[in-house]
Amino acid sequence: MCGAELHRIKSSTAVAMPWHSFMGPGSASGAFMFRALPELIDPFIGIDSFIMSEAVFGPHPHAGMSAVTLMLPEAPGITRNRDSLGDVSLIRGGDLHWTQAGRGMMHEELPLEDGIASIGMQVFVNLSRANKQSEPAAFKVMREDIPVVKIEGGQVRVVAGEFDGARSPIAADPRWLTRVNMLDITLEPHAEAHIPVEAGHNAFFVRLSGDFEGNTPSVQEKSTSVAIIFENDGSIAQLKSGPQGLRGVLFSGAPLNEP
């Protein structure tokens, strides 16, 4: 990006994301789970990069936080969401569904058809103490409404928040309480992206496919994926792809400094 040379490149640390089966050994349904010290990823609580081919998550409660589903554009299956607000939604490949639980709500997310995998990311986002008793709400952003920014050697889908002048529709809703950036980034082989991160914001990148080039730390074992946590200093998050290209989501936001 233009101007990136004026900023210091952030250093980064790799964190392994072990695989957890949802239904026990032998099940195809499960997730690579990312958990880290709260001070490194706040306001995020954790990320599950999931594959769900069977009914796993029946009705269950949330409160004081948001449970966010980002379906990957290449997902063959569709997820059906139902909640206690009366919403019934189909979350298709590339869509975002944001369940802001506030003071409390129930929901379920199940594959529309058993055996056809829903593939995506479940993102857990904290609410500030002032907002934990807010009215629950659900936000939906369809794939076709998510802005796509072309960059040299790749593209950025602005799933939530803003990037390079493009703004996700969810950012225009005043009910959206914990405002973060979620950027779905695809890089061609041996490409490089410089993503500005605001001073004081936490930032990390969860790899979905491909590899890194150069000195960027990586975890390549089949049983794990990897997240890259960047320094919290208001400079540039740098991503370099290897010979297979690189695909993943960069998350950033202002820490709440609360439980």
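Quantities reported herein were computed from a predicted structural model and do not represent experimental measurements. (Residues numbered from 1 in each chain as written. Predicted model: local features only at pLDDT ≥ 70, side-chain atom pairs only at ≥ 80, totals over all residues. Heavy atoms only, no water.)

### A closer look at the packing of aromatic side chains
For any pair of aromatic rings, geometry is given as the distance between the ring centres together with the angle between the planes. Summed over the entire model, instances satisfying the criterion amount to seven aromatic pairs. A centroid spacing of 5.0 Å and a plane angle of 45 degrees characterise the contact between Phe-34 and Phe-204, whose relative ring orientation is tilted. Pair noted here: Phe-34 is in strand S2 (residues 30–34) and Phe-204 is in strand S18 (residues 202–212), with a separation of 170 residues, a long-range link. Taken individually, Phe-34 and Phe-204 each receive the classification buried, so the pair is uniform in this respect. Ring geometry for Phe-44 and Phe-251: centres 5.4 Å apart, planes at 75 degrees, overall edge-to-face. In this pair, Phe-44 is assigned in strand S3 (residues 44–52) and Phe-251 in strand S20 (residues 236–253), connecting sequence segments 207 residues apart. (Phe/Tyr/Trp six-rings, centres within 6.5 Å; stacked < 30°, edge-to-face > 60°. Helix = DSSP H or I, 4+ residues; strand = E, 2+ residues; numbered from the N terminus. Buried < 20%, exposed > 50% of the residue type's maximum accessible area, 1.4 Å probe, protein only.)

### Let's talk about the environment of Ala-199
Structurally, Ala-199 is set in the loop between strand S17 (192–196) and S18. What makes Ala-199 exposed here is its relative accessible area of 60%. Measuring from C-alpha to C-alpha, the distance between Ala-199 and Asp-83 comes to 36 Å, with 116 residues separating the pair along the chain. Aside from chain neighbours lying at most four places away, what touches Ala-199 is Asp-233 and Gly-234. (Contact = heavy atoms within 4.5 Å.)

### Description of the environment of Leu-239
Looking at the secondary structure, you find Leu-239 in strand S20. Leu-239 gets classed as buried once you look at its relative accessible area, which sits at 1%. For the pair Leu-239 and Glu-192, spaced 47 residues apart in the sequence, the C-alpha separation amounts to 5.6 Å. Not counting the four nearest positions on each side in its chain, Leu-239 is found in contact with Ile-185, Leu-187, Ala-191, Glu-192, Ala-193, Phe-205, Phe-212, Phe-230, Leu-246 and Leu-250.

### Considering the nonpolar core
One recurring pattern in soluble globular proteins is that nonpolar side chains are buried together. Within the largest apolar cluster, 30 residues are counted, with the highest numbers of intra-cluster contacts made by Phe-34, Leu-96, Trp-98, Val-123, Met-182, Phe-204 and Phe-251. Core analysis: the next-biggest nonpolar cluster, separate from the first, contains 23 residues, Val-158, Ala-193, Val-226 and Ile-228 among them. (Core = buried A, V, L, I, M, F, W, Y, C linked by side-chain atoms within 4.5 Å.)

### With respect to the sheet that holds strand S7 (residues 88–91)
Read from one edge to the other, the open sheet built from four strands follows the order S4-S9-S6-S7, with strand pairing classed as antiparallel. Here the strands that pair on one side only, and so sit at the sheet edges, are strand S4 (57–62) and S7. The average angle at which neighbouring strand axes cross in this sheet is 25 degrees, direction not considered. Here five bridges tie strand S6 (residues 79–83) to strand S9 (residues 105–111), and the two strands are oriented antiparallel to one another. Looking at S9, one finds that Asn-81 is bridged to Glu-109. (Pairing = 2+ DSSP bridges. Axes fitted to C-alpha atoms, helices over the stretch in contact; angles between N-to-C directions.)

### Some words on unusual backbone geometry
With omega at 20 degrees, the peptide bond leading from Asp-42 into Pro-43 counts as cis. Mapped onto the fold, Pro-43 is located in the loop between helix H1 (38–41) and S3. Within the chain, Asp-164 stands out as a residue other than glycine whose phi angle is a positive 50 degrees. Relative to the elements of secondary structure, Asp-164 occurs in the loop between strand S14 (162–163) and strand S15 (166–167).

### Side note on the pattern of salt bridges
The tally for this structure, following the rule as stated, stands at ten salt bridges. Its salt-bridge partner being Asp-48, residue Arg-35 comes within 3.0 Å of it at the nearest N-O pair. Taken together, the residues Arg-35 in the loop between S2 and H1 and Asp-48 in strand S3 connect sequence positions 13 residues apart. As a salt-bridge pair, Arg-247 and Asp-184 come within 2.7 Å of each other at their nearest N and O atoms. (Salt bridge = Lys/Arg side-chain N within 4 Å of Asp/Glu carboxyl O.)

### Thoughts on the environment of Gly-161
One can find Gly-161 in the loop between strand S13 (154–160) and S14. Taking the C-alpha atoms as reference points, Gly-161 and Gly-120, 41 residues apart in sequence, are found 19 Å from one another. For Gly-161, the contacting residues outside a window of four places in its chain are Ala-166, Arg-167, Ser-168, Ile-170, Ala-171, Trp-176, Val-180 and Asn-181.

### Re the pairing of S13
Taking burial as the measure, the seven residues of S13 include six buried ones, the bulk of the element. Counted along the chain from strand S12 (residues 148–151) to the antiparallel partner S13, the turn is two residues long, and its residue Gly-153 has a positive phi close to 80 degrees. Pairing between S13 and strand S16 (residues 180–187): six bridges, direction antiparallel. Paired with Gly-154 across the two strands is Leu-187, which belongs to S16.

### With respect to the confidence of the model for the protein
Interpretation of this model should avoid reading the predicted coordinates in detail wherever pLDDT is low. Residues of the protein with pLDDT of at least 70 account for 93%, and the chain-wide mean is 89. Note that pLDDT drops below 50 for residues 1–6; the model gives that stretch six contacts with residues more than four away or on any other chain. A low-confidence stretch, residues 215–223 (pLDDT under 50), is modelled with 19 contacts involving residues beyond four sequence positions or located in other chains. (pLDDT = per-residue confidence, 0-100.)

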